[in-house]
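One letter stands for each residue in the lines below.
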Amino acid sequence: MWVLPQPEAHQVVTRHPRSTPPGSALASSPHTKRGPMTDNIPFVSPETLDARLDYPSLIAALKHAFAADWTIPVRHHHHVPIAGEDDQVLLLMPAWESGKSVGIKIVTITPGNGARNLPAIQGLYLLLDGATGVPKVLMEGKTLTVRRTAAAAALAATFCARTDAGTHLMVAAGALSLPLIQAHRAARPSITKTLLWA
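Residues numbered from 1 in each chain as written. Predicted model: local features only at pLDDT ≥ 70, side-chain atom pairs only at ≥ 80, totals over all residues. Heavy atoms only, no water.

(A) Geometry of the pairing of strand β8 (residues 193–197). Residues Thr194 and Leu196 of β8 are buried on one face, while the alternating residues Lys193, Leu195 and Trp197, pointing to the opposite face, are not. As defined by bridge partners, strand β7 (residues 167–171) adjoins β8 across five bridges and the pair is classed as parallel. The partner of Met170 across the bridge, within β8, is Leu196. In terms of handedness, the path from β7 via helix α4 (residues 177–187) over to β8 forms a crossover that is right-handed. (Buried < 20%, exposed > 50% of the residue type's maximum accessible area, 1.4 Å probe, protein only. Helix = DSSP H or I, 4+ residues; strand = E, 2+ residues; numbered from the N terminus. Pairing = 2+ DSSP bridges. Right-handed = clockwise from strand over helix to strand, strands pointing away.)

(B) Expanded view of the packing of aromatic side chains. By the definition in use, this model includes zero aromatic pairs. Its end group placed over the ring of Tyr55, Arg147 keeps NZ or CZ at 4.3 Å from the ring centre. (Phe/Tyr/Trp six-rings, centres within 6.5 Å; stacked < 30°, edge-to-face > 60°. Lys NZ or Arg CZ within 6 Å of the ring centre and 35° of its normal.)

(C) Summary view of a nonpolar patch on the surface. On the surface, a cluster of nonpolar side chains totalling about 330 Å² of accessible area is made up of Leu169, Val171 and Trp197. Examined against the element boundaries, Leu169 turns out to sit in strand β7. Looking at Leu169, the relative accessible area reads 44%, which means it is partly exposed. (Patch = residues over 30% accessible without salt bridge, like charges linked within 9 Å, V, L, I, M, F, W, Y side chains within 5 Å. Areas by Shrake-Rupley, 256 points an atom, 1.4 Å probe, with all protein chains shown as cover. Salt bridge = Lys/Arg side-chain N within 4 Å of Asp/Glu carboxyl O.)

(D) View of unusual backbone geometry. Backbone geometry at Asn117 places phi at a positive 60°, although glycine is not the residue there. Turning to its location among the elements, Asn117 is positioned in the loop between β4 (101–109) and β5 (121–129). The backbone of Ala172 sits at a positive phi, close to 85°, despite the residue not being glycine. On the secondary structure map, Ala172 appears in the loop between β7 and α4.

(E) Inspection of the environment of Ile72 at higher detail. Residue placement: Ile72 occurs in the loop between α2 (55–66) and β2 (76–80). Counting along the chain gives 31 residues from Ile72 to Gly103, while the straight-line C-alpha distance between them is 9.9 Å.

(F) Inspection of α4 at higher detail. By the criterion of burial, α4 is predominantly enclosed, with eight of the 11 residues buried. All of the buried residues along α4 are Ser177, Pro179, Leu180, Ile181, Ala183, His184, Arg185 and Ala187. In this fold, the buried residues of α4 make contact with α2, α3 (141–160), β7 and β8. (Contact = heavy atoms within 4.5 Å.)

(G) Representation of the nonpolar core in the model. If you look at the biggest cluster of nonpolar residues, it comprises 23 residues, and the most contacted ones within it are Leu49, Tyr55, Ile59, Leu62, Met139, Leu144 and Ala151. Of all the secondary structure elements, the ones that give two or more residues to this core are α2, β5, β6 (135–140), α3 and α4. (Core = buried A, V, L, I, M, F, W, Y, C linked by side-chain atoms within 4.5 Å.)

(H) Summary view of the pattern of salt bridges. Applying the stated criterion across every chain, the model contains four salt bridges. The closest approach of N and O atoms between Asp164 and Arg162, which form a salt bridge, is 3.0 Å. Assessed through its relative accessible area of 48%, Asp164 is described here as partly exposed.

(I) Spotlight on α2. Helix length check: α2, at 12 residues, gives a terminal C-alpha distance of 16 Å against a target of 16 Å (1.5 Å per residue), a fit within 8%. Among the residues of α2, those classed as buried are Tyr55, Leu58, Ile59, Ala61, Leu62 and Ala65. Down the axis, α2 shows its buried residues gathered within 165° of arc, on one side only. In this structure, α2 carries Lys63 and His64 as exposed residues pointing more than 90 degrees from its buried face. (Expected span 1.5 Å × (residues − 1). Arc of directions from axis to C-beta.)

(J) Spotlight on the sheet that holds β2. What the six strands build is an open sheet, ordered β1-β6-β5-β4-β3-β2; its pairing is mixed. The sheet is open, and its two borders are formed by β1 (43–44) and β2, each paired with just one other strand. The pairing of β1 with β6 spans two bridges and is parallel. Note that in β6 the partner of Val44 across the bridge is Met139. Contacting β4, β5 and β6, α3 runs over the sheet at an angle of about 80° to β6. (Axes fitted to C-alpha atoms, helices over the stretch in contact; angles between N-to-C directions.)

(K) Inspection of the packing of α2 against α4 at higher detail. Between α2 and α4, whose axes approach to 9 Å, the crossing angle comes to 80°. Considering the angle they form, α2 stands roughly perpendicular to α4. On α4, the residues touching Tyr55, Pro56 and Ile59 of α2 are Pro179, Gln182, Ala183, Ala186 and Ala187. Grouping the constituent residues of the contact of α2 with α4 by class yields seven nonpolar, one polar and no charged. (Parallel < 35°, antiparallel > 145°, perpendicular 65-115°, else oblique. Nonpolar A, V, L, I, M, F, W, Y, C, P; charged D, E, K, R; others polar.)

This is how it looks when you write it as structure tokens:
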């Protein structure tokens, strides 16, 4: 088992993705990249998401968002044939708050990417203005998903875990293990020791 020290507090200010219009601090970060197809749509890189989506603020934003009047249809799941390879899978995950924001996560799972030395899972998140449909921002999907998943789990812990919990047990050591540990420590600052069982 590993025992992780108590993390130092950080001072990063978070802006929830729903409230990040073009020209904002997040959109104008030095890690924001533009290209010929996205001259008018800011692209938020993994580095910017990691820096700006601190867990205390993200947990608070999710608590508010989960109570809001969002429409979340069933995920679209499509198989895309690729000659000589296993099918690619296209996942479309839309959600909207009528008149305010429309968002869609677009993910592809391409089994043949291993031979190309590329990750099988690729993803983006597109946020649109809910009143006009105008694209507002495009975000890298993997980092956004990891941080959102970890923050959602930590939010659940605020309802289930003791407020004075001092020890946190993390079962398994996959890609989400460290973000989950970080998010739970943000939700329960009383945690001073983390145990890893893997």
